[in-house]
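Overview (structure and organization)
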Amino acid sequence: TDEGEELWTTDGTSGGTQMVRDITPVGSSRPTNLLRVGDTVYFQASDATHGTELWQSRGSVSSTRMVVDTLPGDGDGDGLPLAGLGRRLMFGGASAEVGYEPRIFDPATGLSRMIQDVDPGPESSFPYPVGVLGTTAVFFGTIAGESHLLGYTAAPSTTRAAAKASYSSTQARK
């Protein structure tokens, strides 16, 4: 279309198909990796000011917005949705200090934070989603150049950030 690749909604009919928001009026926002958590859809997109970041929408122009710019400026923070944990969203995001690591977003507070620097320092763990098992988000990540199966279990709502991050590999079992 003339709008480029943008976020659309449909009820399955041509009359019920419409663009939700033209995120990038000149060019394409290229929304990808959509994940529904409750009544919100999270996805990666890029606008004219920021690189590819984490966005959310509830199907209207006013509810469609960037969640967090993990790599400020026009760099790609990526914001790959990994898993829904209750109403919270686990996602992968990049920063200059720690690279691409797992993060959590709480829509109740509007805050996001890094869960853990899985591959310490500026190296990246490149979290990639597998799924949710009970209350644990399961994902692949890289530690010291090796791929590992990782799990993140969020504690119930508390006043302090409480989380348990663990990993295992065939190397760890030997």
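Our subject in this report is the structure included herewith. (Residues numbered from 1 in each chain as written. Predicted model: local features only at pLDDT ≥ 70, side-chain atom pairs only at ≥ 80, totals over all residues. Heavy atoms only, no water.)

Another aspect to go through is the layout of surface pockets. Taken as a whole, the second largest pocket holds about 170 Å³ of empty space. If you trace the second largest pocket, you find it lined by Leu7, Trp8, Thr9, Val20, Leu34, Arg36, Asp39, Val41, Ser57, Arg58 and Gly59. Broken down by secondary-structure element, the contributors of at least two residues to the lining of the second largest pocket are strand S1 (7-9) and strand S3 (32-37). For the lining of the second largest pocket, the element with the most residues is S1, which contributes 3 residues. Its residues assigned to classes, the lining of the second largest pocket comprises 5 nonpolar, 3 polar and 3 charged. (1 Å grid on protein atoms, 1.4 Å probe; cavity = no way out; pocket = protein on both sides within 12 Å on 5 of 7 lines; lining within 4 Å. Points joined across faces, edges and corners; volume = space filled by probe spheres on them. Helix = DSSP H or I, 4+ residues; strand = E, 2+ residues; numbered from the N terminus. Nonpolar A, V, L, I, M, F, W, Y, C, P; charged D, E, K, R; others polar.)

To continue, consider the environment of threonine 153. Relative to the helices and strands, threonine 153 is located in strand S13 (residues 146-154). Here the alpha-carbon distance between threonine 153 and valine 138, two residues 15 residues apart in the chain, equals 9.0 Å. Among the polar contacts listed, one links the side chain of threonine 153 to the side chain of threonine 136, at a separation of 2.6 Å. (Polar contact = N/O pair within 3.5 Å; in protein donor to acceptor, adjacent residues only side chain to side chain.)

Per the stated rule, a full pass over the model turns up 2 aromatic pairs. A centroid spacing of 6.1 Å and a plane angle of 70° characterise the contact between tyrosine 42 and phenylalanine 105, whose relative ring orientation is edge-to-face. Taken together, the residues span a long stretch of sequence, with tyrosine 42 in strand S4 (residues 40-46) and phenylalanine 105 in strand S9 (residues 99-106) at a distance of 63 residues. The same class applies to tyrosine 42 as to phenylalanine 105, namely buried. (Phe/Tyr/Trp six-rings, centres within 6.5 Å; stacked < 30°, edge-to-face > 60°. Buried < 20%, exposed > 50% of the residue type's maximum accessible area, 1.4 Å probe, protein only.)

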